[in-house]
Amino acid sequence: MNQAATARLTGAIPTLASLGFEETTDFYARLGFEVLHSDISFLLLHRDGVRLSFWLTGNRRVPQATSCWLEVTGIGLLYERFNALGIVHRKGHLEEKPWGTREFSITDCHGNLIRFSERI
């Protein structure tokens, strides 16, 4: 049997930049993420089966140029919670997109842009 015919992708783990793991851990804990692993060079967080990994940088511009999308359900409730925390990106309020999703974006403590998306 051809392995390429049976191979499939089963997930992705975005890797984002962090200026400090303690701040990153505290920020994402407010969003419901827990630490799976942490050492001096790598941080792995998870929530609801979704994992985010982080690497350390001393360059403040790197996280400000980094983003990822997370597919969710219950986006309205998630938006309300994150909006109440004051972390929704100024141009990232909840809206329907022409490609069939409802989306919003947040900016984390170091500037990474995280987009949340739910299929309509």
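Everything discussed here concerns the structure shown above.
First, a word on scope: everything that follows refers to the structure included in this document.

The rules behind these values
Residues numbered from 1 in each chain as written. Predicted model: local features only at pLDDT ≥ 70, side-chain atom pairs only at ≥ 80, totals over all residues. Heavy atoms only, no water. Core = buried A, V, L, I, M, F, W, Y, C linked by side-chain atoms within 4.5 Å. Buried < 20%, exposed > 50% of the residue type's maximum accessible area, 1.4 Å probe, protein only. Helix = DSSP H or I, 4+ residues; strand = E, 2+ residues; numbered from the N terminus. Contact = heavy atoms within 4.5 Å. Pairing = 2+ DSSP bridges.

## Side note on the nonpolar core
Tyr28, Phe104, Ile106 and Phe116 are the most contacted members of the largest nonpolar core, which totals 23 residues. Of all the secondary-structure elements, those providing two or more residues to this core are α2 (21–29), β3 (42–47), β4 (50–56), β5 (67–71), α4 (75–84), β7 (101–107) and β8 (113–119). Sorting elements by how many residues they give to this core places α4 first, with four residues. What tyrosine 28 contacts, discounting residues up to four positions off in sequence, is Leu16, Phe33, Leu45, Leu52, Phe54, Asp108 and Ile114.

## Re the environment of leucine 85
Locating leucine 85 in the fold gives a position in the loop between α4 and β6 (95–97). A relative accessible area of 31% means that leucine 85 is categorised as partly exposed. Sequence separation of leucine 85 and leucine 31 is 54 residues, and the distance between their C-alpha atoms is 9.2 Å. Excluding residues that lie within four positions of it along the chain, leucine 85 makes contacts with Arg30 and Leu31.

## Some words on the pairing of β5
Going residue by residue along β5, you find Cys68 and Leu70 tucked away on one face and Ser67, Trp69 and Glu71 left uncovered on the opposite face. Note that β5 and β8 share five bridges and pair parallel. Note on β8: the bridge partner recorded for leucine 70 is phenylalanine 116.

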